[in-house]
Amino acid sequence: MAMTFQHMDGKMLHLNDTLQKSDGEAAAGISLRPMGFADILDTTFSLYRNRFRLFLCISAVYFFSHIVLSTFTHWIISFCELVLPFLCYAALTFASAQAYLGKHITARVAFNQVKYRFWRFIGSSLLYWIVVVFLSVSIIGIPFAIYFLTRWSFYIQAAMVEKPSATNTLKRSSELVKGAWWRVFGIIIAIWLIYFMIDVILITSATLIFASSGIASEVDLWEIIRQTLWEPHVQLEGILHLLHAIQTAISALTMPITAIGFTLLYFDLRIRKEGFDIEIMLAREEM
């Protein structure tokens, strides 16, 4: 199974290398400046469109790996399925940062960066979720969980773009959000809502087309909708495996939206609070 997983990843990363060699597009050319929500949203989709091949290959690794892993039931495989989206999200985050800075990279480079920063990233994630889950177990703790969810929203960006330790990624995110909590909270909620609406609309549309096409005539429409919206992780049987693959493909395609949006907001905070745009311009002049 491990050989199959590695072989699948290797094929997709090789595909991305081939595509990047033929990709003659210039860098996104987006100026480094403070952005409002409309600017962040517009730039998110611009970056996704301009670097679609890069994001597609990273998402494809998630899709094919998830499909392969979902055929096994061992607890180790279940753990890998749990960790896999975070690793792909980290790769998308690094790719988003490099794309925003006008640099051309490949999916292989993005995943290599995840490998180099693996323990820092995993340590940050464990601390993040332990605190959030602990606070979420009671009604009184939920507002505090929301507070820290927002305050630590950029620990992945800190881990993938900068070089702090595992604990310092959370501190670094807190420093960036300090004094702008409500603005950050509003924008990340808006990004998640847009991502969720696109994802649900596409998946629901695909499900209805699938159900009405006659391919799944032996499966009740309500059963398809129930497993799609409310029980997406139940054991699928028969034709529902194909539907599950379609839904996973759609989710893989929409995954970059949040990674790019959060990364742009991360850079926006650095520009506003640290003059990151000036720092970059000075570095370019020195070159």
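Each remark here, short or long, concerns the structure printed above.
These notes cover the structure that comes with them. None of these values were measured; they are calculated from a predicted model. Each chain carries its own residue numbering, running from 1 in the written order of its sequence. Local features in this predicted model are restricted to residues of pLDDT 70 or higher, and side-chain atom pairs are both shown and tallied only at a pLDDT of 80 or more, whereas totals for entire chains, interfaces and linings draw on every residue. Hydrogen atoms and water are omitted, and side-chain values are computed over all heavy atoms in the structure.

### With respect to the overall build of the chain
Argument step 1. Counting secondary structure elements, the chain contains 13 helices and 0 strands.
Argument step 2. For the purposes of this entry, the term helix denotes a DSSP run of H or I that reaches at least four residues, the term strand denotes a run of E that reaches at least two, and both are numbered from the N terminus. Listed by position from the N terminus, the elements making up the chain come as α-α-α-α-α-α-α-α-α-α-α-α-α.
Argument step 3. Here's how the labels work: a residue is buried when its accessible area is under 20% of the maximum for its type, exposed when over 50%, partly exposed in between, all with a 1.4 Å probe on protein chains only. Out of the 287 residues in the chain, the part that is buried amounts to 47%.
Argument step 4. Nonlocal contacts in the chain, meaning residues at least 24 apart in sequence, comprise 77% of its contacts between residues at least 6 apart.
Argument step 5. When the accessible area of the chain is evaluated, it comes to approximately 15100 Å², of which 68% is carbon and sulfur surface. Contacts were defined at the residue level, with two residues in contact if any of their heavy atoms lie within 4.5 Å. The Shrake-Rupley method, run with a 1.4 Å probe sphere, supplies the accessible areas, and residue values consider only the shown protein chains as cover.

### Some thoughts on the environment of F134
Argument step 1. Following the sequence through the fold, F134 ends up in helix α6 (residues 118-136).
Argument step 2. For F134, a relative accessible area of 62% corresponds to the exposed category.
Argument step 3. For the pair formed by F134 and A145, sequence separation is 11 residues and the distance between their alpha carbons is 8.3 Å.

### Focus: the pattern of salt bridges
Pairs may arise between side chains of opposite charge once their charged atoms sit close together.
Argument step 1. Each reported salt bridge corresponds to a side-chain nitrogen of Lys or Arg within 4 Å of a carboxyl oxygen of Asp or Glu. Scanning all chains against the criterion turns up 8 salt bridges.
Argument step 2. A salt bridge links R183 to D268, with the nearest nitrogen and oxygen atoms 2.9 Å apart. Here D268 lies in helix α12 (residues 240-274) and R183 lies in helix α10 (residues 181-212), a separation of 85 residues in the sequence.
Argument step 3. For D268, a relative accessible area of 0% corresponds to the buried category.
Argument step 4. Linked by salt bridges that have partners in common, E162, R172, E175, R270 and E274 make up one network.

### Regarding the nonpolar core
In a soluble, globular protein the nonpolar side chains are often hidden away together inside.
Argument step 1. We call a set of buried Ala, Val, Leu, Ile, Met, Phe, Trp, Tyr and Cys residues a nonpolar core when their side-chain atoms join them within 4.5 Å. Counting residues in each nonpolar core, the largest one holds 66 residues, and the members touching the most others are I58, Y100, F154 and V184.
Argument step 2. Ranked by residues supplied to this core, first place goes to helix α4 (residues 75-100) with 13 residues.
Argument step 3. Among residues more than four places away in sequence, those in contact with V184 are T150, F154, V177, L265 and L269.

### Points about the side chain of Q113
Argument step 1. Structurally, the position occupied by Q113 is in helix α5 (residues 107-116).
Argument step 2. When its relative accessible area of 16% is taken as the criterion, Q113 is described as buried.

### Some words on a nonpolar patch on the surface
Argument step 1. A contiguous nonpolar surface patch, about 500 Å² in accessible area, is contributed by I189, L193, F196, M197 and I201.
Argument step 2. As for its placement among the helices and strands, I189 is situated in helix α10. The patch calculation keeps residues exceeding 30% relative accessible area without a salt bridge and links them within 9 Å when they carry like charges or within 5 Å when they are nonpolar (Val, Leu, Ile, Met, Phe, Trp, Tyr).

### Considerations on the packing of aromatic side chains
Argument step 1. Stacked, tilted and edge-to-face are the three classes assigned to paired rings of Phe, Tyr and Trp, where Trp is represented by its six-membered ring and a pair needs centres within 6.5 Å; plane angles under 30 degrees give stacked, over 60 edge-to-face, the rest tilted. Counted according to the given criterion, the structure contains 19 aromatic pairs.
Argument step 2. Plain terms: the ring middles of Y48 and F52 are 5.8 Å apart, the flat faces sit at 35° to each other, and that makes the pair tilted.
Argument step 3. Residue Y48 is classed as buried on the basis of its relative accessible area of 11%.
Argument step 4. With 5.0 Å between their ring centres and 65° between their planes, Y266 and F267 make a pair best called edge-to-face. The same class applies to Y266 and to F267, which are both buried.
Argument step 5. Taken together, the aromatic side chains of F86, Y128, W129, Y147, F148, W152, Y155, W181, W182 and F185 make up a single cluster linked through ring pairs.

### Overview of α5
Because the α-helix completes a turn every 3.6 residues, residues three or four places apart line up on one side.
Argument step 1. Among the residues of α5, A107, A110, F111, Q113 and V114 are the ones counted as buried. Looking down the long axis of α5, one finds its buried residues gathered within 150° of arc, a one-sided arrangement. When the buried face of α5 is taken as reference, the exposed residues oriented beyond 90 degrees from it are K115 and Y116. By construction, the arc corresponds to the directions joining the helix axis to the C-beta atoms.

### Re the packing of helix α3 (residues 52-69) against α5
Argument step 1. Two elements in contact, α3 and α5, have axes separated by 9 Å at closest approach and are oriented at 55°. The angle between α3 and α5 falls in the class oblique. Across the interface between the two elements, L54, C57, I58 and V61 of α3 pack against A107, A110 and F111 of α5.
Argument step 2. Here the residues of the contact of α3 with α5 sort into 7 nonpolar, no polar and no charged. Structural elements are reduced to axes, namely lines fitted to C-alpha atoms, with helices fitted over the stretch in contact, and the angle between N-to-C directions of any two is expressed from 0 to 180 degrees. Angle categories: roughly parallel below 35 degrees, roughly antiparallel above 145, roughly perpendicular from 65 to 115, and oblique for all the rest. Any residue outside Ala, Val, Leu, Ile, Met, Phe, Trp, Tyr, Cys, Pro, Asp, Glu, Lys and Arg is labelled polar, Gly included; the first ten of those are nonpolar and the last four are charged.

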